[in-house]
Amino acid sequence: TNPPHQSEVRGPLNSSLNALHSRRLIHSFPPSKKSATSITKPMSTNNEVSSIQFPRTLSGRRLSGRRLSSRTNSSASRSLSSGHANECSRSTSANGTNGQSDGLPLPSSALPPPRTGGFPPIRWIQNRLDFRGCDHLIQFSHAHGLGRVATVASILGAILSVNVMILVQLYLHNYGVVTISLLDAMTAQTIQLLKQWVQYVIVLVSFHMLEFFITALYNPSVTTADSFVVNQSVAYTTAALVSWVEFWTRIVFFPYANSPNVSRIGLVVVIGGQIVRALAMMTCGESFNHLIQQTKKDNHVLITHGIYNYLRHPSYVGFYYWSIGTQLLLGNPISFVCYAIASWLFFRRRMPYEEETLVRYFPDEYPTYVARTWSGLPFIWSDVGKIDDDSGNADHEQISFSADGFKKLS
């Protein structure tokens, strides 16, 4: 039957349900016998089945009504919450019997599709990074779940702390402050490679943690577990695994084929790329998003100040040099060439496409901005002069563009 109006709800649930409808959050119900009685008591006088209908999910669809058992006071007062506007309906039959206990499903749009492409082992790893198989756990089944955020943050924090301690021990042993018997049995080349690996892990974890924390500080409305970007793509995971295989193959079979000076240069490049990307994200603020924005709003203007006064795509530039710097840090010649070529080809396609779109949105401002700035990557020039658009208008539904380059006015 049709759900009753909020004013028809009686008892101690009234205030909680009113707050739930207005804030789209699930509140904990008092675990009292009175509460359980008020839940199981039919709400309509004609003994029809009554239910409480909650707001729509972000996808615009309602969850199927699953019944929560009220056999005990604790189960009757169960509360469910998540980053999405989760919905819960409590219903009873006409004779007052309780429904069967069941979990609350999430809308299918909240769950990422299974990864495709790549080798099966890599797809398996990527699906684990996407938390596939956790659909039945509300706080882990979607990117807004606090359980997923806490898990990723805890793992990254543990990896970071362990590797920082190992790096400290390596340097203390190198300067004779402490003596580690395990390191005494290794050659100097192997110890140097271990330092490079630990430094690489530290900068890698720091990158992913900074992606999340900068987003949380400057664009909190879009911050999710995906803001760590540890699960960004199969290609990214594959590239990382390939570089790891190359490094450990060298450390086992060719430990002498290494240059500490090249590693130091790589560390400088990594730090420089990280700073450039962080400045870009902070300058964009709420306009920065890890996902490409599909439409342009009327209250968007170009960002031309700060680091954007010199580079048109500083977040891309920062990531490009950060990625190839990691391979210099590891001393991987093969992965360095592959990273440089693959990243350059990707941005060679992406940058002109976005600039063509932006010049259609900002026909008066963007060409002038392009004329006085640099793309930041070698041999990538702007093609905005080739665009012929007399109207200066763009189809907001057909053209995609990145948030990297415009700002939303308050």
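Refer to the structure presented above.
Residues numbered from 1 in each chain as written. Predicted model: local features only at pLDDT ≥ 70, side-chain atom pairs only at ≥ 80, totals over all residues. Heavy atoms only, no water.

Caption draft 1: Quick look at the environment of V229. Position of V229 relative to the elements: it lies in the loop between α7 (188–218) and α8 (234–253). Separated by 20 residues in the primary sequence, V229 and M209 have C-alpha atoms spaced 9.0 Å apart. (Helix = DSSP H or I, 4+ residues; strand = E, 2+ residues; numbered from the N terminus.)

Caption draft 2: Region of the structure containing the pattern of salt bridges. Scanning the model with the defined rule gives 3 salt bridges in all. For E355, the salt bridge goes to R312, with nearest N and O atoms at 2.6 Å. Placement of the pair is E355 in helix α11 (residues 333–361) and R312 in the loop between β1 (300–302) and α10 (314–330), with a sequence separation of 43 residues. A salt bridge links E354 to R350; the nearest nitrogen and oxygen atoms lie 3.7 Å apart. Of this pair, E354 and R350 both sit in helix α11, 4 residues apart, which is roughly one turn of that helix. (Salt bridge = Lys/Arg side-chain N within 4 Å of Asp/Glu carboxyl O.)

Caption draft 3: Spotlight on the layout of surface pockets. For the second largest pocket, the calculated volume is near 530 Å³. Taken together, 21 residues line the second largest pocket, and the ones lying closest to its centre are L129, L156, L204, V230 and W244. Put simply, the parts of the chain that give the lining of the second largest pocket at least two residues each are α4 (120–129), α5 (146–174), α7 and α8. For the lining of the second largest pocket, the element with the most residues is α7, which contributes 6 residues. Taken together, the residues of the lining of the second largest pocket sort by class into 17 nonpolar, 3 polar and 1 charged. (1 Å grid on protein atoms, 1.4 Å probe; cavity = no way out; pocket = protein on both sides within 12 Å on 5 of 7 lines; lining within 4 Å. Points joined across faces, edges and corners; volume = space filled by probe spheres on them. Nonpolar A, V, L, I, M, F, W, Y, C, P; charged D, E, K, R; others polar.)

Caption draft 4: Main features of helix α9 (residues 260–284). End to end, α9 covers 36 Å across 25 residues, agreeing with the expected 36 Å (1.5 Å per residue, within 8%). Restricting attention to buried positions, one finds in α9 the residues S263, G266, V270, G273, Q274, R277, A278, A280, M281, T283 and C284. Close packing links the buried residues of α9 with α7 and α10. Positive backbone phi, at 60°, marks G285, one or two positions downstream of α9. (Expected span 1.5 Å × (residues − 1). Buried < 20%, exposed > 50% of the residue type's maximum accessible area, 1.4 Å probe, protein only. Contact = heavy atoms within 4.5 Å.)

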